[in-house]
2 protein chains.
Amino acid sequence: MIKVTIIGSGNVAQHLINVFLASAQIELVQVFARKKESVLHLLDFDKIVTAYTDLKEADLYILAVSDGAISTVSSQLPFVNKLVVHTSGNASITALDDKNRKGVFYPLQTFSKNKPIDFSVIPICLETENPTDFQLIDKVAKSISTAVFTINSQQRKALHVAAVFVNNFTNHLYQIGQDICEEHQIPFGILMPLIQETAQKIKTLSPQDAQTGPARRHDETTIQSHENFLTHDNQILIYKILTQSIQNHGKKL
Amino acid sequence: MIKVTIIGSGNVAQHLINVFLASAQIELVQVFARKKESVLHLLDFDKIVTAYTDLKEADLYILAVSDGAISTVSSQLPFVNKLVVHTSGNASITALDDKNRKGVFYPLQTFSKNKPIDFSVIPICLETENPTDFQLIDKVAKSISTAVFTINSQQRKALHVAAVFVNNFTNHLYQIGQDICEEHQIPFGILMPLIQETAQKIKTLSPQDAQTGPARRHDETTIQSHENFLTHDNQILIYKILTQSIQNHGKKL
Ligand SMILES: NC(=O)c1ccc[n+]([C@@H]2O[C@H](COP(=O)([O-])OP(=O)(O)OC[C@H]3O[C@@H](n4cnc5c(N)ncnc54)[C@H](OP(=O)(O)O)[C@@H]3O)[C@@H](O)[C@H]2O)c1
Ligand SMILES: NC(=O)c1ccc[n+]([C@@H]2O[C@H](COP(=O)([O-])OP(=O)(O)OC[C@H]3O[C@@H](n4cnc5c(N)ncnc54)[C@H](OP(=O)(O)O)[C@@H]3O)[C@@H](O)[C@H]2O)c1
C-alpha cells in the first residue's frame with residue numbers, strides 16, 4: 001500500500017479523500033485541515049490534523065490548497081526530502097518549496113463539493129523532477145484513474161488556459177443563453193437538449209466539422225438580424241467577436 | 001392518421017422522414033426533393049416527387065428548406081388554403097406565402113445528416129395563425145416528441161439567437177481549446193471529460209452557480225498570466241472580452 005497524506009480540505013481535497021479511501025492500493029494516512037469540521041463527514045476524527053507538526057511519515061504528500069497558498073504551505077512543512085506535489089493546473093512545479101522533492105498531480109476536471117464524480121475517467125496530469133518519484137505518483141494516479149498523462153509545466157499551463165475556454169467561458173455562454181431566454185419569458189430548459197448535443201457531438205466530430213450556424217455559413221442576413229435583435233451591448237460585442245473568430249478561423253493558424 | 005408531406009431533402013427533412021415513418025399516428029404521403037437520390041435511401045421511389053404539381057392532398061405540408069428559400073418555395077406551391085409550415089428558428093411565420101394557412105414547426109436541435117438523434121426529447125416550437133391549425137401541428141409534434149412548446153415569432157427569434165451562443169459559439173470555444181492543445185503537442189481528448197462535465201453540470205446547477213474560474217474569482221494574477229501565455233491576438237481578445245463579461249455579469253442585468 002502506498003501511504004498518502006492530503007494537505008487541504010477544499011473541493012479537490014474532499015474528492016481525493018473519497019477516492020483514496022475507496023482504493024485498495026492507497027493508505028490514506030492523514031488529512032491536514034485548518035478546520036477539522038470541514039472533512040469530519042468524510043473520515044475518522046483521529047486522521048485529521050490541524051498542525052503541520054502532527055504530520056506523520058508518508059510516501060506522498062498532496063497539497064490540495066489554493067494556488068496562492070502553495071508556496072507558504074509547502075515551506076511550512078516540518079520535514080525535508082519527502083515527495084510533495086501540488087494539484088494546480090496553473091502553478092509551476094517550482095511554486096513548491098525546495099526543501100522537499102517536488103511534483104504535480106493535476107486532475108483536469110471541474111469539481112464542486114456536493115457533486116459526486118466518476119474519478120476513473122478524469123485525466124490526471126503528472127510531473128516530477130526525477131523518474132523514481134514519477135513512478136510513485138504514476139502508481140497512485142493509475143490506482144484511481146485510467147487516464148494518466150505526463151505533462152510538463154508549460155503544457156499544463158496551456159491545458160489550464162484551454163480549460164478556461166472550454167469550461168468557464170462555455171458556462172458563461174450558457175449564462176447568456178439563459179439571460180436571453182428570461183428576457184423573452186422562455187424557460188431555459190428548452191435549450192438543454194441542444195447544450196447536451198453540442199457537447200456530445202464533439203465526441204465523434206472535430207470542432208471544425210461540428211461547426212454550424214450563420215457565422216460558419218457566412219449568412220450575413222441572419223448575422224445582421226441577430227445583432228439587431230440583441231439589446232445588451234455586451235451580448236452584441238461577444239456575438240460580433242465570436243462570429244468574426246469563426247469566420248477567420250483557419251486563415252491565420 | 002394525419003397525412004403529412006415534407007418539402008425538402010436536407011438535414012432536417014431527412015430526420016423528419018425517419019421519425020414520421022416510424023410514427024403510428026402519421027402517414028408520410030410524399031417527399032418533395034429536387035434530386036430524388038438525396039432521399040432514396042430513406043423511402044420508396046414512388047413517394048418522392050420532384051415537381052410541385054405532383055404533390056397530393058395532405059393535412060400538413062412541412063417546408064424543411066433553407067431559410068432563404070421559404071418564400072420562393074411556398075409561393076410555388078400549386079394549391080391554396082392548405083396548412084403549410086416552415087421549420088426555421090430564424091424566419092418569421094410571415095415568410096410563408098399568404099395563399100396557404102401558415103405555421104411554424106421548429107425543432108430546436110442541431111442536426112447532422114449522419115448522426116442519428118433521439119427525437120423524443122427534442123423541443124418542438126409551434127406557432128400558427130389559428131387554433132384549429134395549432135391543434136393539428138400540436139398532435140403531429142406530440143406524436144414524435146415529449147417536449148412541445150407554444151412559441152411566437154419573437155420568442156423563436158430569441159431562442160435562435162440563444163442557440164447560436166450555446167451551440168455555435170460554444171463549439172468555437174472547443175475549437176480554440178483544440179488549437180491551444182495542438183500548439184503544445186497535447187491530445188485534445190484530454191479535455192473531453194471536462195467538456196462533458198461542463199454540459200452535465202448545467203442540468204443540476206444554474207449557469208450562475210456553475211460558474212468557476214479565475215474571472216469569477218477575480219484572480220487577476222492568473223488572468224494576467226493566461227493573457228501573457230496566449231500568442232494569438234484573436235484568442236487574447238476573446239479571453240479578455242469573456243473574462244470582463246463574467247466579471248460584470250449581474251451588474252447591468
Ligand atoms: N476546483 C477545481 O475544479 C480544481 C480542479 C483542478 C485543480 N484544482 C486545484 O486544486 C487546488 C485546490 O483547489 P480547490 O478547488 O480544492 O480549492 P478550495 O475548495 O478553495 O480549497 C482550498 C483549500 O486550501 C486551503 N488553504 C487556502 N489557503 C491556505 C493556507 N494559507 N494555509 C493552509 N491551507 C490553505 C483552504 O483551507 P480553508 O478551507 O481552511 O480556507 C482549503 O482547504 C488549487 O491549486 C486548484 O487550482 C482545482
Ligand atoms: N440543420 C439544423 O440543425 C436545423 C435545426 C433546426 C431548424 N433548421 C431549419 O430547417 C430548415 C432546413 O435546414 P437544413 O439544415 O435541413 O438545411 P439543408 O440541409 O441545407 O437542406 C436545405 C434543403 O432546402 C432545399 N432547397 C434550398 N433552396 C431551395 C429552392 N430554391 N427550392 C427548393 N428547395 C430548396 C435543398 O435542396 P437541395 O438539396 O436540392 O439543394 C435542401 O433539401 C431551415 O429553415 C433551417 O433553418 C435547421
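Residues numbered from 1 in each chain as written. Chains lettered and ligands numbered in written order. Predicted model: local features only at pLDDT ≥ 70, side-chain atom pairs only at ≥ 80, totals over all residues. Heavy atoms only, no water.

- An unreviewed UniProt entry lists chain A under the name DUF2520 domain-containing protein, with Flavobacterium restrictum given as the organism.

As for the packing of helix 4 (residues 153-183) of chain A against helix 5 (residues 153-183) of chain B
Here comes step 1: Interhelical geometry of helix 4 of chain A versus helix 5 of chain B gives an angle of 180 degrees and a closest axis separation of 9 Å. Overall, the two elements helix 4 of chain A and helix 5 of chain B adopt an arrangement that is roughly antiparallel.
Here comes step 2: Classifying every residue of the contact of helix 4 of chain A with helix 5 of chain B gives 24 nonpolar, four polar and no charged. (Axes fitted to C-alpha atoms, helices over the stretch in contact; angles between N-to-C directions. Helix = DSSP H or I, 4+ residues; strand = E, 2+ residues; numbered from the N terminus. Parallel < 35°, antiparallel > 145°, perpendicular 65-115°, else oblique. Nonpolar A, V, L, I, M, F, W, Y, C, P; charged D, E, K, R; others polar.)

Some details on the interface of chain B and chain A
Here comes step 1: Taken together, the contact between chain B and chain A spans 86 residues of the former and 86 residues of the latter.
Here comes step 2: Across the chain B to chain A interface the summed buried area is about 8400 Å²; carbon plus sulfur atoms make up 69%.
Here comes step 3: Linking chain B to chain A there are 36 residue pairs in polar contact (both at pLDDT 80 or more).
Here comes step 4: Top element by residues in the side of chain B that touches chain A is helix 5 of chain B. It accounts for 27 residues.
Here comes step 5: Class assignment of the residues belonging to the side of chain B that touches chain A gives a composition of 45 nonpolar, 34 polar and seven charged. (Contact = heavy atoms within 4.5 Å. Buried area = accessible area lost by both parts, 1.4 Å probe. Polar contact = N/O pair within 3.5 Å; in protein donor to acceptor, adjacent residues only side chain to side chain.)

Quick look at the sheet that holds strand 7 (residues 124-128) of chain B
Residues and elements named next belong to chain B.
Here comes step 1: Taken in spatial order, the eight strands line up as 3-2-1-4-5-6-7-8 in an open sheet, and their pairing is mixed. Where the open sheet ends on each side, the last strands, each with one partner, are strand 3 (48-49) and strand 8 (148-150).
Here comes step 2: Pairing geometry for strand 5 (residues 83-86) and strand 6 (residues 101-107), over four bridges, is parallel. In the strand pairing of strand 6, V84 is matched with K102.
Here comes step 3: Its contacts with the sheet place helix 4 (residues 131-144) against strand 1 (2-7), strand 2 (26-32), strand 4 (60-63), strand 5, strand 6, strand 7 and strand 8, and it is angled at close to 165 degrees to strand 7. (Pairing = 2+ DSSP bridges.)

A look at the sheet that holds strand 2 (residues 26-32) of chain A
All names here are of chain A.
Here comes step 1: Strands sit in the order 3-2-1-4-5-6-7-8 across an open sheet of eight strands; the sheet is mixed. At either margin of the open sheet sits one strand with a lone partner, and together these are strand 3 (48-49) and strand 8 (148-150).
Here comes step 2: Taken together, the five bridges between strand 1 (residues 2-7) and strand 2 define a ladder with parallel strand orientation. Note that in strand 2 the partner of I6 across the bridge is V31.
Here comes step 3: Against the sheet, helix 3 (residues 131-144) engages strand 1, strand 2, strand 4 (60-63), strand 5 (83-86), strand 6 (101-107), strand 7 (124-128) and strand 8, with an angle of about 165 degrees to strand 7.

Quick word on helix 8 (residues 220-229) of chain A
Here comes step 1: Taken as a whole, helix 8 of chain A has its buried residues at A:T222, A:I223, A:S225, A:H226, A:E227 and A:F229.
Here comes step 2: In the core, the buried residues of helix 8 of chain A are packed alongside helix 7 (214-217) and helix 9 (233-248) of chain A together with helix 5 of chain B. (Buried < 20%, exposed > 50% of the residue type's maximum accessible area, 1.4 Å probe, protein only.)

Focus on the site of ligand 2
All names here are of chain B.
Here comes step 1: Near ligand 2 there are 21 residues, and of these S9, N11, V12, D67 and F111 occur at the shortest range.
Here comes step 2: Between an oxygen atom of ligand 2 and a side-chain N or O atom of R34, the distance comes to 2.9 Å.
Here comes step 3: A distance of 3.1 Å separates an oxygen atom of ligand 2 from a polar atom in the backbone of V65.
Here comes step 4: Contact with the protein chains removes 75% of the 900 Å² of surface that ligand 2 exposes when unbound.
Here comes step 5: At the level of secondary structure, the elements contributing two or more residues to the shell around ligand 2 comprise helix 1 (11-21) and strand 6.
Here comes step 6: Along the lines of polarity and charge, the residues of the shell around ligand 2 split into nine nonpolar, nine polar and three charged. (Near = heavy atom within 4 Å. Areas by Shrake-Rupley, 256 points an atom, 1.4 Å probe, with all protein chains shown as cover.)

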